[in-house]
Amino acid sequence: MIPGSFDYHRPKSVQEALALLGKLGDDSRLLAGGHSLIPAMKLRLATPGNLIDLAGIADLKGIRADGNDVVIGAMTTQHDLMASELLASKIPIMRETSAQIADPQVRYVGTLGGNVSGGDPANDMPALMLCLNASFHVSGKGGERKLAARGFYQGLYMTAMQSGDMLTAVRIPAPPAGHGYAYEKLKRKIGDFATAAAAVVLTMKGGKVESCAIGLTNVADTPLFAEEAAKILTGSVLDAATVKRAVAAAEAITSPAEDARGPAAYRTKMAGVMLTRALARAKSRAAG
Ligand SMILES: Cc1cc2nc3c(=O)[nH]c(=O)nc-3n(C[C@H](O)[C@H](O)[C@H](O)COP(=O)(O)OP(=O)(O)OC[C@H]3O[C@@H](n4cnc5c(N)ncnc54)[C@H](O)[C@@H]3O)c2cc1C
């Protein structure tokens with residue numbers, strides 16, 4: 001399929017991109033890696049008259065420490081996330097999750113910004129952002145603001161960003177040293193989106209869970225933050241009975257669509273299986 005015709009713009013700065021967005025309005029779309037947007041345009045699910053390519057804006061790339069936070073530019077690719085020593089040492093679940101996205105070809109071009117800002121619940125990074133309590137730096141008509149990932153995803157392809165907004169960076173507080181983590185993803189084949197996936201970050205003290213956060217991918221119209229399940233686990237030794245109760249609580253908030261990846265009930269169960277595995281692996285990696 002061939003996309004509809006569009007004008008191509010390549011700003012050199014965030015200010016120039018925002019000015020273009022303001023001028024061209026809803027007939028324009030930001031282009032990052034294009035690995036979600038271009039397929040949608042080819043299927044005529046998106047028909048923007050203007051593409052504003054962010055690839056020429058150096059300020060949108062890179063990964064840096066800022067106190068206890070790691071700040072990642074929106075145009076940083078999934079490949080860059082995997083290659084970052086800073087992330088490997090501070091937030092290793094970022095590397096583990098990136099490595100499970102699609103294939104090297106997609107990861108060399110697809111960006112963190114494009115992955116989290118499209119509001120696609122099938123993408124892997126949004127649930128991880130909920131789990132890690134990330135926040136998004138957004139610039140738009142009203143200036144710059146910081147939006148919490150927990151609250152950002154409002155519906156299928158709907159986020160808290162407004163028309164004219166642009167994501168510039170993602171800020172993630174590094175979990176404490178010695179934390180356990182795991183991203184478990186069930187997919188039909190390499191390069192496929194998740195049938196279901198679970199992200200877990202936890203800390204242990206004296207053999208008990210001191211803190212726990214859980215995100216679920218592709219089992220509802222939005223990524224899910226499984227707060228009740230994490231509460232059930234906190235204070236426990238992650239014994240089988242408590243894990244079972246927490247998994248039931250996580251499954252209860254899912255509402256997956258039935259699609260080629262399986263019936264809804266199956267995908268809910270697979271979310272539970274992924275969560276059980278992620279908890280076991282996170283525990284095995286945690287100190288304390
Ligand atoms: C074969 C294939 C398999 C894939 N499998 C997976 C997978 O398993 N897991 C997964 O997570 N992803 C998967 N993807 C998606 C891939 O990771 C995409 O690259 C990614 O989701 C979107 O990033 P992008 O940089 O390509 O964004 P684009 O496609 O350029 O943009 C996506 C959307 O975000 C908007 N946008 C982009 N940047 C900004 C910004 N800075 N501010 C505001 N809005 C912005 C765009 O306007 C567009 O609406 C797959 C893609 C392909 C082609």
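This section reports on the structure supplied with the text.

What counts, and at which threshold
- Residues numbered from 1 in each chain as written.
- Predicted model: local features only at pLDDT ≥ 70, side-chain atom pairs only at ≥ 80, totals over all residues.
- Heavy atoms only, no water.
- Near = heavy atom within 4 Å.
- Polar contact = N/O pair within 3.5 Å; in protein donor to acceptor, adjacent residues only side chain to side chain.
- Helix = DSSP H or I, 4+ residues; strand = E, 2+ residues; numbered from the N terminus.
- Nonpolar A, V, L, I, M, F, W, Y, C, P; charged D, E, K, R; others polar.
- Salt bridge = Lys/Arg side-chain N within 4 Å of Asp/Glu carboxyl O.
- Buried < 20%, exposed > 50% of the residue type's maximum accessible area, 1.4 Å probe, protein only.
- Core = buried A, V, L, I, M, F, W, Y, C linked by side-chain atoms within 4.5 Å.
- Contact = heavy atoms within 4.5 Å.
- Pairing = 2+ DSSP bridges.
- Axes fitted to C-alpha atoms, helices over the stretch in contact; angles between N-to-C directions.
- Phe/Tyr/Trp six-rings, centres within 6.5 Å; stacked < 30°, edge-to-face > 60°.

**A look at the site of the ligand**
Here is step 1 of the chain: As a structural note, the neighbourhood of the ligand is formed by 30 residues, with Leu-30, Gly-33, Gly-34, Thr-111 and Asp-124 the closest of them.
Here is step 2 of the chain: Between the ligand and Leu-30, the relevant distance is 2.6 Å, taken from an oxygen atom to a main-chain nitrogen or oxygen of the residue.
Here is step 3 of the chain: Of all elements in the fold, only β2 (28-31), α7 (112-117) and β10 (166-173) reach the threshold of two or more residues within the shell around the ligand.
Here is step 4 of the chain: Classifying every residue of the shell around the ligand by side-chain character gives 13 nonpolar, 13 polar and 4 charged.

**Digging into the pattern of salt bridges**
Here is step 1 of the chain: Using the criterion set out here, one finds 14 salt bridges in the structure.
Here is step 2 of the chain: With a shortest N-O distance of 3.2 Å, Arg-10 and Asp-53 are connected by a salt bridge. Of this pair, Arg-10 sits in the loop between β1 (7-9) and α1 (14-24) while Asp-53 sits in strand β3 (residues 50-53), placing them 43 residues apart in sequence.
Here is step 3 of the chain: Between Glu-96 and Arg-285 there is a salt bridge, with its nearest N and O atoms 2.8 Å apart. Taken together, the residues span a long stretch of sequence, with Glu-96 in helix α5 (residues 92-98) and Arg-285 in helix α11 (residues 264-285) at a distance of 189 residues.
Here is step 4 of the chain: On the accessibility criterion, Glu-96 (14% relative accessible area) is buried.
Here is step 5 of the chain: If you follow the salt bridges from partner to partner, you end up with Arg-188, Asp-192, Asp-259, Arg-261 and Arg-267 in one network.

**Some details on the nonpolar core**
Here is step 1 of the chain: Judged by nonpolar contacts, the single largest core of 38 residues is most densely connected at Met-94, Met-129 and Phe-136.
Here is step 2 of the chain: Of all elements in the fold, only β5 (69-73), α5, α7, α8 (125-131), β6 (135-140), β10, β11 (180-186) and β12 (196-205) reach the threshold of two or more residues within this core.
Here is step 3 of the chain: Broken down by element, the residue count for this core peaks at 5 residues, all from α8.
Here is step 4 of the chain: Sequence-distant contacts of Met-129, defined by excluding residues within four places in its chain, comprise Met-94, Val-116, Ala-134, Phe-136, Ala-149, Val-170 and Ile-172.
Here is step 5 of the chain: Within the second largest apolar cluster, 32 residues are counted, among which are Ala-198, Leu-224, Ala-230 and Met-270.

**Here's the deal with the environment of Ser-117**
Here is step 1 of the chain: Take Ser-117: it is sitting in helix α7.
Here is step 2 of the chain: Look at Ser-117 and you get partly exposed, because its relative accessible area is 24%.
Here is step 3 of the chain: Each C-alpha atom of the pair Ser-117 and Ala-74 lies 9.3 Å from the other, and the pair is 43 residues apart in sequence.
Here is step 4 of the chain: Aside from chain neighbours lying at most four places away, what touches Ser-117 is Thr-159, Met-161 and Leu-167.
Here is step 5 of the chain: Within the local environment of Ser-117, its side chain forms a polar contact with the backbone oxygen of Gly-113, the two atoms lying 2.5 Å apart.

**Focus: the environment of Glu-258**
Here is step 1 of the chain: Looking at where Glu-258 falls in the secondary structure, it is placed in the loop between α10 (240-252) and α11.
Here is step 2 of the chain: When the C-alpha positions of Glu-258 and Ala-17 are compared, they lie 39 Å apart, and in sequence the two are 241 residues distant.
Here is step 3 of the chain: Residues in contact with Glu-258, not counting those within four places in the same chain, are Pro-263 and Ala-264.

**What about the sheet that holds strand β4 (residues 63-66)?**
Here is step 1 of the chain: The sheet built from 5 strands is open, its strands ordered β4-β5-β10-β6-β7 with antiparallel pairing. Bordering the open sheet on either side are β4 and β7 (143-148), each of which pairs with just one other strand. When strand polarity is set aside, the average angle formed by the axes of neighbouring strands in this sheet is 25 degrees.
Here is step 2 of the chain: Direction of pairing for β4 relative to β5: antiparallel, over a ladder of 4 bridges. By the bridge assignment for β5, Asp-66 is matched with Asp-69.
Here is step 3 of the chain: α1 contacts β6 and β10 of the sheet and is inclined by roughly 130 degrees relative to β10.

**With respect to the packing of aromatic side chains**
Here is step 1 of the chain: Overall, the coordinates contain 3 aromatic pairs when judged by the stated rule.
Here is step 2 of the chain: Ring geometry for Phe-136 versus Phe-152: centroids 4.6 Å apart, planes at 70 degrees, classification edge-to-face. Of this pair, Phe-136 sits in strand β6 while Phe-152 sits in the loop between β7 and β8 (153-155), placing them 16 residues apart in sequence.
Here is step 3 of the chain: Between Phe-136 and Tyr-153 the ring centres are 6.4 Å apart and the planes differ by 85 degrees, which places this aromatic pair in the edge-to-face class. On the criterion of sequence distance, the pair formed by Phe-136 in strand β6 and Tyr-153 in strand β8 is long-range, its members being 17 residues apart.

**Focus on the pairing of β7**
Here is step 1 of the chain: Where β6 and β7 come together, 6 bridges link them in antiparallel fashion. When the bridges of β7 are listed, Phe-136 appears paired with Leu-147.
Here is step 2 of the chain: The turn linking β6 back onto β7 is made up of 2 residues.

**Focus: the sheet that holds strand β13 (residues 208-217)**
Here is step 1 of the chain: Strands sit in the order β11-β12-β13-β14 across an open sheet of 4 strands; the sheet is antiparallel. Single-partner strands in this sheet number two, and they are β11 and β14 (224-225).
Here is step 2 of the chain: Examined bridge by bridge, β11 and β12 share 7 bridges and lie antiparallel to one another. By the bridge assignment for β12, Gly-180 is matched with Leu-202.
Here is step 3 of the chain: Where α11 meets the sheet, it contacts β11, β12 and β13, and its direction lies at approximately 150 degrees from that of β11.

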